[in-house]
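Structure at a glance
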Amino acid sequence: AQSVTQLDSQVPVFEEAPVELRCNYSSSVSVYLFWYVQYPNQGLQLLLKYLSGSTLVKGINGFEAEFNKSQTSFHLRKPSVHISDTAEYFCAVRRGNRDDKIIFGKGTRLHILP
Amino acid sequence: EPEVTQTPSHQVTQMGQEVILRCVPISNHLYFYWYRQILGQKVEFLVSFYNNEISEKSEIFDDQFSVERPDGSNFTLKIRSTKLEDSAMYFCASSDDRAGGYTFGSGTRLTVV
């Protein structure tokens, strides 16, 4: 079975500083990878996804992620964060075409410090 | 941009009562899902639905849960006899294929008292 590990439950970072949120997955088959964002008291919004092709994926709000098959990672990055990026970020995985369901990690809360 | 709509946004119910959570998926989507998020915890898969039947369900989705697509536009989750531990945010999602990500609704916060 596939699983997703987000090692950091919380990440504090100063405004305008870069940030990286880490995500590792385990799966014996090819996977599709996603990052979702949840703003306070709101639903889940898709930030970006990796299905195939280029390993560097660009998403909304200036975020990007890089798929690294050898390290089974899909870390999320942003070069300069804004106070409005304060949210919970969830990494998620779906097995190739064999599964309907997306499995989520436990989430990383991003705190933007003024 | 098309949205997944969930109603109500918040529901309070007494333990043992039945609740129905409602969702209107995006109109041309074929795959439908329910997830839940207990406060402060991870988002957990409950069930997926395609072609008018359940395609996969988790261990959480026991006999107390059921889903239905009664009229071609709504997608409902029913909990027959609610327990305190059913208190959570319930998210509906839909997608137009099996490869991409889902579009989630804003969720229904269910509080069982």
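Let me sum up the structure you'll find in this document. (Residues numbered from 1 in each chain as written. Chains lettered and ligands numbered in written order. Predicted model: local features only at pLDDT ≥ 70, side-chain atom pairs only at ≥ 80, totals over all residues. Heavy atoms only, no water.)

Re the overall build of chain B
Under the convention used in this document: Where helices and strands are cited, they refer to DSSP runs of H or I of at least four residues and of E of at least two residues respectively, numbered from the N terminus. Computation of the radius of gyration draws on C-alpha atoms alone. For the globule rule, the value is 2.2 Å times the number of residues to the power 0.38. When accessible area is computed with a 1.4 Å probe and restricted to protein chains, residues below 20% of their type maximum are described as buried, those above 50% as exposed, and intermediate ones as partly exposed. Note on contacts: a residue pair is in contact if any heavy atoms of the two residues lie within 4.5 Å. For the area figures, the Shrake-Rupley method with a 1.4 Å probe applies, and any residue is considered shielded solely by the protein chains shown.
Looking only at helices and strands, chain B features 0 helices and 11 strands. Walking chain B from its N terminus toward its C terminus, one meets helices and strands in the order β-β-β-β-β-β-β-β-β-β-β. Over its C-alpha trace chain B gives a radius of gyration of 13 Å, about what one expects of a compact globule, namely 13 Å for 113 residues. Overall size of chain B, expressed as C-alpha extent along the three principal axes, is 35 × 25 × 25 Å. For chain B, buried positions account for 45% of its 113 residues. Across chain B, the fraction of contacts at a sequence separation of at least 24, relative to all contacts at a separation of at least 6, is 53%. Roughly 5,700 Å² of accessible area belongs to chain B as shown, and the carbon and sulfur atoms make up 43% of that amount.

Considerations on the pairing of strand β3 (residues 19-24) of chain B
Residues and elements named next belong to chain B. The cut-off we apply is this: Two strands pair if DSSP finds at least two bridges between them.
The alternating pattern of β3 places Val-19, Leu-21 and Cys-23 on a buried face and Ile-20, Arg-22 and Val-24 on a face that is not buried. As paired strands, β3 and strand β8 (residues 75-79) are joined by 5 bridges and run antiparallel to one another. Within the sheet, the bridge partner assigned to Ile-20 lies in β8 and is Lys-78.

Focus on unusual backbone geometry
Note the cis peptide between Thr7(B) and Pro8(B), where omega equals -10°. Mapped onto the fold, Pro8(B) is located in the loop between β1 (5-7) and β2 (10-13). A positive phi angle is found at Thr72(A), which is not glycine, with a value near 45°.

Here's the deal with the nonpolar core
Heads up, the condition is: Definition of nonpolar core: a set of buried residues of the types Ala, Val, Leu, Ile, Met, Phe, Trp, Tyr and Cys, connected through side-chain atoms within 4.5 Å.
Membership of the largest hydrophobic core comes to 30 residues, with the highest contact counts inside it found for Trp35(A), Leu48(A), Leu76(A) and Tyr89(A). When contributions to this core are tallied by element, the ones reaching two or more residues are β2 (10-14), β3 (19-21), β5 (31-38), β6 (44-50), β8 (64-68), β9 (73-78), β10 (87-95) and β12 (108-113) of chain A. Within the second largest apolar cluster, 21 residues are counted, among which are Val19(B), Leu21(B), Phe49(B) and Val67(B).

Describing the packing of aromatic side chains
Residues and elements named next belong to chain B. The test is simple: Two aromatic rings from Phe, Tyr or Trp, using only the six-membered ring of Trp, form a pair when their centres are within 6.5 Å; if the ring planes differ by under 30 degrees the pair is stacked, by over 60 it is edge-to-face, and anything between is tilted.
Taken as a whole and assessed by the stated rule, the structure comprises 20 aromatic pairs over all chains. Ring geometry for Tyr-35 against Phe-104: centres 5.7 Å apart, planes inclined by 65°, an arrangement best described as edge-to-face. In this pair, Tyr-35 is assigned in strand β4 (residues 31-37) and Phe-104 in strand β10 (residues 103-104), connecting sequence segments 69 residues apart. Taken as a pair, Tyr-35 and Phe-104 share a single burial class, namely buried. Arranged with centres 6.3 Å apart and planes meeting at 90°, the rings of Phe-91 and Phe-104 form a pair that is edge-to-face.

Observations concerning the pattern of salt bridges
Residue and element names in this part refer to chain A. Formally: Whenever Lys or Arg places a side-chain nitrogen within 4 Å of a carboxyl oxygen from Asp or Glu, that contact is recorded as a salt bridge.
According to the stated counting rule, one finds 9 salt bridges over all chains in the structure shown. Between Asp-8 and Arg-22 there is a salt bridge, and its shortest N-O distance comes to 2.9 Å. Remark: Arg-22 occurs in the loop between β3 and β4 (24-26) and Asp-8 occurs in the loop between β1 (3-5) and β2; sequence separation between them is 14 residues. Assessed through its relative accessible area of 19%, Asp-8 is described here as buried. Assessed through its relative accessible area of 32%, Arg-22 is described here as partly exposed. For the salt bridge of Lys-58 with Glu-64, the shortest nitrogen-to-oxygen distance reads 2.8 Å.

Some points on the interface of chain A and chain B
The condition is simple: As used here, buried area is the combined drop in accessible area, with a 1.4 Å probe, of two parts when they are placed together. Any N or O atom pair separated by 3.5 Å or less is treated as a polar contact, with the protein-specific requirement of one donor-capable and one acceptor-capable atom, and with residues adjacent in sequence counted only for side-chain atom pairs.
Contact residues are listed per partner, giving 20 residues for chain A and 20 residues for chain B. Summed over both partners, the interface of chain A with chain B comes to about 1,800 Å²; 50% of that surface belongs to carbon and sulfur atoms. The interface formed by chain A and chain B contains 1 salt bridge. Summed over the shared surface of chain A and chain B, the number is 7 residue pairs in polar contact (both at pLDDT 80 or more).

Brief notes about the state of the cysteines
Covalent bonding between the sulfur atoms of two cysteines is what defines a disulfide. All names here are of chain A. As a reminder of what qualifies: The rule for a disulfide is simple: a pair of cysteine sulfur atoms within 2.5 Å.
Scanning the model with the defined rule gives 2 disulfides over all chains in all. Covalent S-S linkage joins Cys-23 and Cys-91, the inter-sulfur distance amounting to 1.9 Å. Across the S-S bond linking Cys-23 and Cys-91, the dihedral sits near -65°, which makes this disulfide left-handed. Separated by 68 residues along the polypeptide, Cys-23 in the loop between β3 and β4 and Cys-91 in strand β10 bring together distant segments of the chain. You can call Cys-23 buried: its relative accessible area is 0%. A relative accessible area of 0% places Cys-91 in the buried class.

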